[in-house]
Amino acid sequence: MTGTIAQATRSMRPVVAELLAELGERHPDLVVLAADARALTMPFQRRYPRRFFDVGIAEANLVGVASGLARAGHRVVVAAMAPFLIRRAAEQLRIDVCGAALDVTLLGVGGGLSYGTLGATHHAAEDLGAAAAMPGMRVFCPADVHDAAWAVAESVAGSGPAYVRLSAREEPVVHDPAQRFHIDEPAVLGAGPGAVVVAAGATVAEALRAVEIAGPQGATAQVLALTAVAPFPQAAVRRIAGGAGVVITVEDHYAAGGLAAHTALALAGRWTGRLVPLAVDHRPAPVADRAGLFRFYGIDAPAVARALIESDPLRREC
């Protein structure tokens, strides 16, 4: 990327659904479970009906069954709506899956504010932090179809539990199809030098738009797009952002347990710059679509652009 954002938008779900079917051939021990999440699992179900089970809307049971199958030697993928998977099955995730370091990949659709107008019951602005707090859990927050496919394949092929937040809507394509992703090396997008914007998932596109908006005002930045957020890539963030005078974190998540907290820890010590956290706060969400919620919480492109412009050192010296 060179600082511009592609106009195309694509849904992660059909891409991941086809990928699961391919992974079923690559991994004969793979079993897929769903809690009424057929959009992600139908291709796998058609190809491998004896390796697919839908437990219904019962997320705690879903994770319990997954742990039993994993203990029996299977590689397991579970698919469910993120707010219910993370909240309703928290005990089973921590004790049954993470406590035993089982090979279970959790695909949570609609983390953060992705479900928009469905309201607070369907919002999960704590999902990444809650998953990362589980012992040994790897956590991924892809921004588009390209890193979503990588994150799912990486999770299934890896060892131990993993959580992948998948968007419930179409997302702008921000990565080049040839982009190579790494657990401990986030993608650097956009132009520099200047500030560094640390983003993940849906806020990567917002950050790239913000750079375009702020550019004519003389504020430049590069975007550090995190796909793997736990374990947090501290060394890479410190190396890439540590030379910037201003680092802005923008996330579809609470600051506590999210990018802001982990970036602050990564930069703590000798770094003397300014950290500007933009995140979901604890005000009750209004009835709005995701764009409206991003605007309300100040994590959309105009809000990030304002932070970039106001944080510009030359502007602050005037």
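Residues numbered from 1 in each chain as written. Predicted model: local features only at pLDDT ≥ 70, side-chain atom pairs only at ≥ 80, totals over all residues. Heavy atoms only, no water.

Q: Which parts of the structure should I look at to understand the overall build of the protein?
A: When helices and strands are tallied, the protein shows 13 helices and 14 strands. Whereas a compact globule of 318 residues would reach a radius of gyration of roughly 20 Å, the protein reaches 19 Å, a difference of no more than 12%. In terms of its C-alpha atoms, the protein occupies a principal-axis envelope of roughly 70 × 40 × 35 Å. Here the protein holds 318 residues, and 56% of them are scored as buried. Residue pairs at least 24 apart in sequence account for 77% of intrachain contacts in the protein once pairs closer than 6 positions are excluded. Split by element, the accessible area of the protein, about 13,100 Å² in all, is 54% carbon and sulfur. Positive and negative side-chain charges in the protein, numbering 28 and 30 respectively, have mean positions lying 2 Å apart. (Helix = DSSP H or I, 4+ residues; strand = E, 2+ residues; numbered from the N terminus. Rg over C-alpha atoms; globule rule 2.2 N^0.38 Å. Buried < 20%, exposed > 50% of the residue type's maximum accessible area, 1.4 Å probe, protein only. Contact = heavy atoms within 4.5 Å. Areas by Shrake-Rupley, 256 points an atom, 1.4 Å probe, with all protein chains shown as cover. Lys, Arg positive; Asp, Glu negative; His and termini not counted. Charge placed at Lys NZ, Arg CZ, Asp CG, Glu CD.)

Q: Sorry, what's going on with unusual backbone geometry here?
A: With the exception of glycine, most residues fall at negative phi, and the peptide bonds are largely trans. The linkage connecting Ala230 with the following residue, Pro231, adopts the cis geometry, with an omega of 0°. Tracing the sequence through the fold places Pro231 in the loop between strand 12 (228-230) and helix 9 (234-241).

Q: Explain helix 7 (residues 145-157) here, please?
A: Every α-helix winds through 3.6 residues per turn, so residues three or four apart in the chain are directed the same way. Look at helix 7: 18 Å from first C-alpha to last across 13 residues, which is about the 18 Å you get at 1.5 Å a residue. Listed as buried for helix 7 are Val145, Asp147, Ala148, Trp150, Ala151, Val152, Ser155 and Val156. The backbone nitrogen of His146 has a side-chain oxygen 3.0 Å away, supplied by the residue at the start of helix 7, namely Asp144. (Expected span 1.5 Å × (residues − 1). Polar contact = N/O pair within 3.5 Å; in protein donor to acceptor, adjacent residues only side chain to side chain.)

Q: How do you make sense of the environment of Gly116 when you look at a structure like this?
A: Secondary-structure assignment places Gly116 in the loop between strand 5 (104-109) and helix 6 (127-132). Relative accessible area serves as the criterion here: at 4%, Gly116 is assigned to the buried category. Separated by 52 residues in the primary sequence, Gly116 and Ala168 place their C-alpha atoms 9.7 Å from one another. Apart from the residues within four sequence positions on either side, Gly116 is in contact with His123, Ala288, Asp289, Arg290 and Leu293.

Q: Explain the sheet that holds strand 13 (residues 246-254) here, please?
A: Consider a sheet: its strands pair through backbone hydrogen bonds, and that pairing is either parallel or antiparallel. Strand order in the open sheet made by the 5 strands is 9-11-10-13-14, with mixed pairing throughout. Each having just a single partner strand, strand 9 (187-189) and strand 14 (274-280) make up the two edges of the open sheet. For this sheet, the mean inter-axis angle between neighbouring strands, taken without regard to orientation, is 20°. For strand 10 (residues 195-200) and strand 11 (residues 221-226), the ladder comprises 6 bridges, and the chain directions are parallel. Looking at strand 11, one finds that Val197 is bridged to Val223. (Pairing = 2+ DSSP bridges. Axes fitted to C-alpha atoms, helices over the stretch in contact; angles between N-to-C directions.)

Q: How should I be thinking about the packing of helix 3 (residues 59-71) against helix 5 (residues 90-98) in this particular structure?
A: Relative orientation and spacing of two packed helices are given, respectively, by the angle between their axes and the distance between those axes. It is at 9 Å that the axes of helix 3 and helix 5 come closest, and there the two elements cross at 5°. With respect to their mutual orientation, helix 3 and helix 5 come out roughly parallel. Along its contact with helix 3, which presents Ala60, Val63, Gly64, Ser67 and Arg71, the element helix 5 presents Gln92, Leu93, Asp96 and Val97. A class-by-class count of the residues in the contact of helix 3 with helix 5 yields 4 nonpolar, 3 polar and 2 charged. (Parallel < 35°, antiparallel > 145°, perpendicular 65-115°, else oblique. Nonpolar A, V, L, I, M, F, W, Y, C, P; charged D, E, K, R; others polar.)

Q: Where do I start with empty space enclosed by the protein in this structure?
A: A water-sized probe rolled over the atoms picks out the places where empty space is left. Following the criterion strictly, the structure yields 4 cavities of 30 Å³ or more and no others. Its boundaries defined by the atoms lining it, the largest cavity holds a volume of some 120 Å³. Leu128, Val229, Gly257, Gly258 and Leu259 are the residues nearest the centre of the largest cavity, which is lined by 17 residues in total. For the lining of the largest cavity, the secondary-structure elements that each account for two or more residues are helix 6, strand 12, strand 13 and helix 10 (259-267). Of the residues assigned to the lining of the largest cavity, the class counts are 9 nonpolar, 5 polar and 3 charged. (1 Å grid on protein atoms, 1.4 Å probe; cavity = no way out; pocket = protein on both sides within 12 Å on 5 of 7 lines; lining within 4 Å. Points joined across faces, edges and corners; volume = space filled by probe spheres on them.)

Q: Explain the pairing of strand 10 here, please?
A: Counting buried residues along strand 10, 6 of its 6 residues qualify, which places the element largely inside the surrounding structure. With burial as the criterion, each face of strand 10 is covered, one bearing Ala195, Val197 and Ala199 and the other bearing Val196, Val198 and Ala200. With respect to chirality, the unit in which strand 10 leads through helix 8 (residues 202-214) into the neighbouring parallel strand 11 is right-handed. Inspection of the sheet shows strand 10 paired to strand 13 by 4 bridges, in the parallel sense. Directly across from Val198, in strand 13, lies its bridge partner Thr249. (Right-handed = clockwise from strand over helix to strand, strands pointing away.)

Q: Where do I start with the environment of Pro216 in this structure?
A: Turning to its location among the elements, Pro216 is positioned in the loop between helix 8 and strand 11. Residue classification places Pro216 among the exposed residues on the basis of a relative accessible area of 69%. Expressed as a C-alpha distance, the spacing of Pro216 and Glu206, which sit 10 residues apart in the sequence, is 17 Å.

Q: Where do I start with the pairing of strand 11 in this structure?
A: Each regular strand shows side chains that alternate between the opposite faces of the sheet. Of all 6 residues in strand 11, 5 are buried, a share of seventy percent or more. Where strand 9 meets strand 11, 3 bridges bridge the pair, whose relative direction is antiparallel. For Ala187, the partnering residue across the bridge sits in strand 11 and is Ala225.

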